[in-house]
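# An overview of the molecular structure
Here are the chains, one letter per residue:
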Amino acid sequence: CRRTVYPLRSALMRLQNFCRRQMEQCLEEKEAGILSAMLLGDRAALDRETKNLYQDAGIFHLLAISGLHISLTGMCLYRVLRKIHAPFQASALLSFGAMAAYAFMAGSVSAIRAVFMFGMFLLSQVTGRTYDLPTALAAAAACILTWASDMITQAGFLLSFAAVGGVLLASCWESRLLCRTAAGVSLAVSLFTAMPVAFFYYQLPLYAVLLNLCILPLMPFVLGFGIAGTAASVCSKTLGSFLLAPAHYLIRAITFLCEKVCLLPFSTIVTGKPGIFAIAVYYLALALIFRGFAAWKRRPAFWKGGFTDAMRIAAAGCLLAVCFTVPGRADFTMTFLDVGQGDGCCIQNARRSVWMIDGGSSTQEQVAQYCIEPFLKSKGIGRVDYWLLSHSDADHSGGLYEILRTYVRGTDGKNAAGITVGTILLADIREDSERREEICSMARRLQIPVRLVRRGANLADGDLNIKILGPKKTAYEDSNASSVVALVKYQGFSALMTGDVEGSGEKELLEDGVLEDVDLLKAAHHGSGHTTSGEFLKKTKPEVTVISCGKGNRYGHPHAELLERLAKYGSKAVRTDEHGAVILTVNENGYRIRGWQN
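The structure contained in this document is the topic of the report that follows. (Residues numbered from 1 in each chain as written. Predicted model: local features only at pLDDT ≥ 70, side-chain atom pairs only at ≥ 80, totals over all residues. Heavy atoms only, no water.)

### Notes on the overall build of the protein chain
- Counting secondary structure elements, the protein chain contains 21 helices and 18 strands.
- Its C-alpha atoms give the protein chain principal-axis dimensions of roughly 95 × 65 × 50 Å.
- Contacts in the protein chain between residues far apart in sequence, at least 24 positions, make up 66% of those at least 6 positions apart.
- Charge-centre separation for the protein chain: the mean point of 61 positive side chains lies 12 Å from the mean point of 50 negative side chains. (Helix = DSSP H or I, 4+ residues; strand = E, 2+ residues; numbered from the N terminus. Contact = heavy atoms within 4.5 Å. Lys, Arg positive; Asp, Glu negative; His and termini not counted. Charge placed at Lys NZ, Arg CZ, Asp CG, Glu CD.)

### Some thoughts on the side chain of Ser-361
- Along the chain, Ser-361 falls in strand β5 (residues 353-361).
- Take Ser-361: its relative accessible area is 11%, and that puts it in the buried class.
- For Ser-361, the side chain forms a polar contact with the main-chain oxygen of Val-339, separated by 2.6 Å.
- Within the local environment of Ser-361, its side chain forms a polar contact with the backbone nitrogen of Gln-364, the two atoms lying 2.9 Å apart.
- Excluding anything up to four places from it in sequence, Ser-361 contacts Val-339, Gly-340, Gln-341, Gly-342, Val-367, Ala-394 and Asp-395. (Buried < 20%, exposed > 50% of the residue type's maximum accessible area, 1.4 Å probe, protein only. Polar contact = N/O pair within 3.5 Å; in protein donor to acceptor, adjacent residues only side chain to side chain.)

### Side note on the nonpolar core
- Judged by nonpolar contacts, the single largest core of 48 residues is most densely connected at Tyr-54 and Ile-59.
- In terms of residues, this core owes the most to one element, helix α2 (residues 29-40), which gives 7 residues.
- Here Ile-59 is in contact with Tyr-54, Leu-211, Asn-212, Ile-215, Ile-254 and Cys-258, once residues within four sequence places are set aside.
- Formed by 33 residues, the second largest nonpolar core is a distinct cluster that contains Phe-332, Leu-388, Ala-427 and Val-484. (Core = buried A, V, L, I, M, F, W, Y, C linked by side-chain atoms within 4.5 Å.)

### A short note on a nonpolar patch on the surface
- A grouping of Leu-15, Phe-18 and Val-234 is seen on the molecular surface, where their side chains present a nonpolar patch of about 250 Å² in accessible area.
- Tracing the backbone through its elements, the reader meets Phe-18 in helix α1 (residues 7-26). (Patch = residues over 30% accessible without salt bridge, like charges linked within 9 Å, V, L, I, M, F, W, Y side chains within 5 Å. Areas by Shrake-Rupley, 256 points an atom, 1.4 Å probe, with all protein chains shown as cover. Salt bridge = Lys/Arg side-chain N within 4 Å of Asp/Glu carboxyl O.)

### Focus on the packing of aromatic side chains
- Applying the stated criterion across every chain, the model contains 8 aromatic pairs.
- Taken together, a centroid distance of 4.5 Å and an interplanar angle of 40° make the contact between Phe-157 and Phe-161 tilted. In this pair, Phe-157 and Phe-161 both sit in helix α8 (residues 155-169), 4 residues apart, roughly one turn of the helix. Summarising the burial analysis for this pair, Phe-157 and Phe-161 share the class buried.
- On the numbers, 5.1 Å between centres and 80° between planes, the contact of Phe-199 with Phe-200 is edge-to-face.
- In textbook terms, an aromatic cluster arises when at least three aromatic residues are bridged by ring pairs, as seen for Phe-192, Tyr-282 and Tyr-283.
- The ring of Phe-88 has Arg-82 sitting right over it, with the charged end atom 4.0 Å from the ring centre.
- When the ring centre of Tyr-401 is taken as origin, the NZ or CZ atom of Arg-435, which lies over that ring, is 4.1 Å away. (Phe/Tyr/Trp six-rings, centres within 6.5 Å; stacked < 30°, edge-to-face > 60°. Lys NZ or Arg CZ within 6 Å of the ring centre and 35° of its normal.)

### Observations concerning unusual backbone geometry
- Between Gly-470 and Pro-471 the backbone carries a cis peptide bond, its omega angle lying at 10°.
- Structurally, Pro-471 can be placed in the loop between β10 (464-470) and β11 (485-490).
- Although it is not a glycine, His-85 sits at a positive phi angle of roughly 70°.
- With respect to the element layout, His-85 can be found in the loop between α4 (67-83) and α5 (88-106).
- Here Gln-366, not a glycine, exhibits a phi torsion of approximately 50°, which is positive.
- For Gln-366, the position within the fold is in the loop between β5 and α15 (367-378).

Pasting the structure below:
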């Protein structure tokens, strides 16, 4: 079949790639990647640490071509054309065409929205009409949704329009400190975008308002020197490097400031994913807060309206706190994560503590960043109190290893770069494992306690009790046989977590008579046919068996013989490769698994 070629798109992509190469020749790799994202909307060369740092600090919008870029570059171009006495129509047409091509190259919805609104501003200049921000915003939304209605669910669309809604909200400030000032706009935008940010990223950057006040005044210089230096580098690499030097040092200063701010206490508040009802209540109450204080305008001014605005800020802050701290149901929950070919289970002990058992994958890259951390944060979890590794194979320990490798200990002792880890639990065995040694070494450096467990250890917290059934010895034939086997009990419910136990490890459990009837069994070794024998099932009598494996994995897990054994002994198989994450909840009425009522 023939591929459709779009000449304009191809030309813009070539221009984007050419400009990125020019930056890479004149700047260091890290700064070139950041400037390429800021100027070109190209994040291909942007490293993961920088991306996460800017997101945690609340300035990720700088790494996307947005209204800030369009307004700065578009207005600058328009005014230059007018300064050289170009006609209104020609100035507007050239400026709009350049910005439209710029947005088309970036491809972000925020850039498209900004171009629509910039075009309406230019139209008002040409026709002599008054530019109305709400009308322009509504027209831009209508055009974008007519072109692509599914944009209404996209983070870029909602955050972009919420940010402009915050600019409109800023017109309600009455004090001189906030009315028509950068502080007022930044604060209003933060209040208006709080819910979309929490909905898509599950956290709020507490110091984003102050950080934006420091950084946004620097952006015209970063963009200006960036554009000038990139253009000059075509003629002379030396001249290009000279003009790009200020942008280089400003980017370093911005990154340094972000790193220091993220180390402050409560720099990032993990909120969890708010529900639709909470979002509706928040915006309704926010509107009432800002309109409800209108009566103060008829009263004598107190500190130029500052008292009124202070009341608004306090009320909005309390509203945010209420929306994210109203306690839900305190059920005991076990979530077997869909990590591909691997294992990972999160235990939420009502409102008392959070436990992770394993967490890794041999098929999913960066499993912590793209699976484990998003899940935890979506549940409002910023700290795992206990992380138990059954053994050190990558498909069980990879997530914890990844978190520790990027761990940044803040001034409050929490992980400024993600999930905080309380205590690590490892098997008390002699194991020649480089991964295990690295985990222990990183834990010591980060001052995270490591506790070794073996048969007889009992871990309790409220109604939750975790009893370690294995390993019993300190040496086994391989790491699978020495897997930690844990019996999890909560009130009348019990689950047996088996890691990859097999061979002498499974035989030892059977011979020593430590197994008992359980409600749920986590099948060993992802459903291998050589584990979870008939005798093992006869001893444990699980009503449900969870099999954690990847779809279409090369090992053929779960094996047919295991599925046959489970059916023979009356245990229902629930698989992550078919059902996705398996969620079990326990309350006073018993337990439930993803709508399967027992």
